[in-house]
Amino acid sequence: MRAFLVGLTLAFSLPVLGVESGGPMPDVNPAQLDDASKQVSLRAFKGNVVYVDFWASWCVPCKLSMPTLDTLYRDNRGRGLVVVGINKDTAPAEAERFLKRVNVTFPLARDMNDAAARAFDVKAMPSGYLIDRRGVVRHVHRGFTAETAAALAVEIEALLKEPS
């Protein structure tokens, strides 16, 4: 029984893998969606409030999240908000078809080898990670609803008001 309790204690004391609130932003450089020869460096956005959104053309909630994120981006980019959408489709043409219906103005990247998704430990689609100006993940959103949109707007506003 003693060995079992020690094992149980060790199992629960191991660090949790994946990105959660309070952790650092992973250092990933996915390829641009429209030009795979160029990368989007998330570290280059340090000093800004960054929302990293993993999305896909087949993701039903993404049809709601993408326009909402674009509005937040357009309304706040002058204050230091950057939104980066990382696409999880296996074929770029699928993402392109989606973007013809749901147009966005924020930077887009592709993650065909799943390196960025693994680094962020994406568990649902869409998954979003709100990162403060110092590069610390402050909020994680899995899925997207109208309630998520409202909470995200409040969270972004609070982080934009924090000093650099």
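Structural data are supplied above this passage.
Residues numbered from 1 in each chain as written. Predicted model: local features only at pLDDT ≥ 70, side-chain atom pairs only at ≥ 80, totals over all residues. Heavy atoms only, no water.

Comments concerning the state of the cysteines
Let me state the cut-off plainly: In what follows, a disulfide is any cysteine sulfur pair within 2.5 Å. Burial status follows relative accessibility: with a 1.4 Å probe on protein chains alone, a residue under 20% of its type maximum counts as buried, one over 50% as exposed, and anything between as partly exposed.
Evaluation of the coordinates by the stated rule reveals one disulfide. Between cysteine 59 and cysteine 62 runs a disulfide, and the two sulfur atoms are separated by 2.4 Å. Across the S-S bond linking cysteine 59 and cysteine 62, the dihedral sits near 85 degrees, which makes this disulfide right-handed. Looking at cysteine 62, the relative accessible area reads 0%, which means it is buried.

Some details on the pattern of salt bridges
We count it as follows: A side-chain nitrogen of Lys or Arg and a carboxyl oxygen of Asp or Glu constitute a salt bridge if their distance falls within 4 Å.
Considering all chains together, one arrives at 11 salt bridges under this definition. One salt bridge connects aspartate 121 with lysine 123, and the closest N-O pair in it is separated by 2.5 Å. For arginine 138, the salt bridge is made with aspartate 132, and the minimal N-O distance between the two is 3.0 Å. Note on arginine 138: relative accessible area 28%, which makes it partly exposed. Residue classification places aspartate 132 among the buried residues on the basis of a relative accessible area of 3%. Among the charged side chains, a salt-bridge network with shared partners connects Asp132, Arg134, Arg138 and Glu162.

A few points about helix 2 (residues 62-76)
Note the threshold: Strands are runs of DSSP state E lasting at least two residues, helices are runs of H or I lasting at least four, and both sets are numbered from the N terminus onward. Expected span, for any helix, means 1.5 Å times one less than how many residues it has. It is the directions from the helix axis to the C-beta atoms that the arc portrays. Throughout, a contact is declared for two residues whenever any of their heavy atoms are within 4.5 Å.
Look at helix 2: 20 Å from first C-alpha to last across 15 residues, which is about the 21 Å you get at 1.5 Å a residue. The set of residues buried in helix 2 consists of Cys62, Ser65, Met66, Leu69, Asp70, Leu72, Tyr73 and Asn76. Looking down the long axis of helix 2, one finds its buried residues gathered within 165 degrees of arc, a one-sided arrangement. If you follow the buried residues of helix 2, they end up packed against strand 2 (49-55), strand 3 (81-87), helix 3 (92-101), strand 4 (108-110) and helix 5 (146-161).

Some remarks on the nonpolar core
Note the threshold: Residues grouped as a nonpolar core are buried Ala, Val, Leu, Ile, Met, Phe, Trp, Tyr and Cys residues, joined through side-chain atoms within 4.5 Å.
Among the nonpolar cores identified, the biggest contains 27 residues, and Trp55, Met66, Leu99, Phe106, Leu108 and Leu152 are the most heavily contacted of them. Within the residue set of this core, elements represented by two or more residues are strand 2, helix 2, strand 3, helix 3 and helix 5. Counting residues in each nonpolar core, the second largest holds 18 residues, with Val82, Val84, Ile131 and Val137 among its members.

A few points about the sheet that holds strand 1 (residues 31-32)
Just so we agree on the cut-off: Strands were regarded as paired on the criterion that DSSP finds at least two bridges between them. To get an axis, fit a line to the C-alpha atoms, keeping to the stretch in contact for a helix; angles then go from 0 to 180 degrees between the N-to-C directions.
The six strands are arranged 1-4-3-2-5-6 in an open sheet whose pairing can be described as mixed. Edge positions in the sheet fall to strand 1 and strand 6 (137-142), since each has one partner strand and no second. In the sheet, strand 2 pairs with strand 5 (residues 127-131) via five bridges, with the strands oriented antiparallel. When the bridges of strand 5 are listed, phenylalanine 54 appears paired with serine 127. The sheet strands contacting helix 5 are strand 2, strand 3, strand 5 and strand 6, and the helix crosses strand 6 at an angle near 170 degrees.

Concerning the packing of helix 2 against helix 5
We apply this condition: For classification, angles of less than 35 degrees are called roughly parallel, those exceeding 145 degrees roughly antiparallel, those between 65 and 115 degrees roughly perpendicular, and all remaining angles oblique. Two helices crossing with the near one rotated counterclockwise from the far one by less than a right angle form a left-handed crossing, whereas a clockwise rotation gives a right-handed crossing. Under this grouping Gly is polar, as are all residues other than the nonpolar Ala, Val, Leu, Ile, Met, Phe, Trp, Tyr, Cys and Pro and the charged Asp, Glu, Lys and Arg.
Running from N to C, helix 2 and helix 5 cross one another at 25 degrees; their axes reach a closest spacing of 11 Å. With respect to each other, helix 2 and helix 5 are oriented roughly parallel. Here helix 2 runs over helix 5; the crossing is right-handed. For the pair helix 2 and helix 5, contact is made by Leu64, Thr68, Leu69, Leu72 and Asn76 and by Ala146, Ala149, Leu152, Ala153, Ile156, Glu157 and Leu160, respectively. Of the residues in the contact of helix 2 with helix 5, the class split is nine nonpolar, two polar and one charged.

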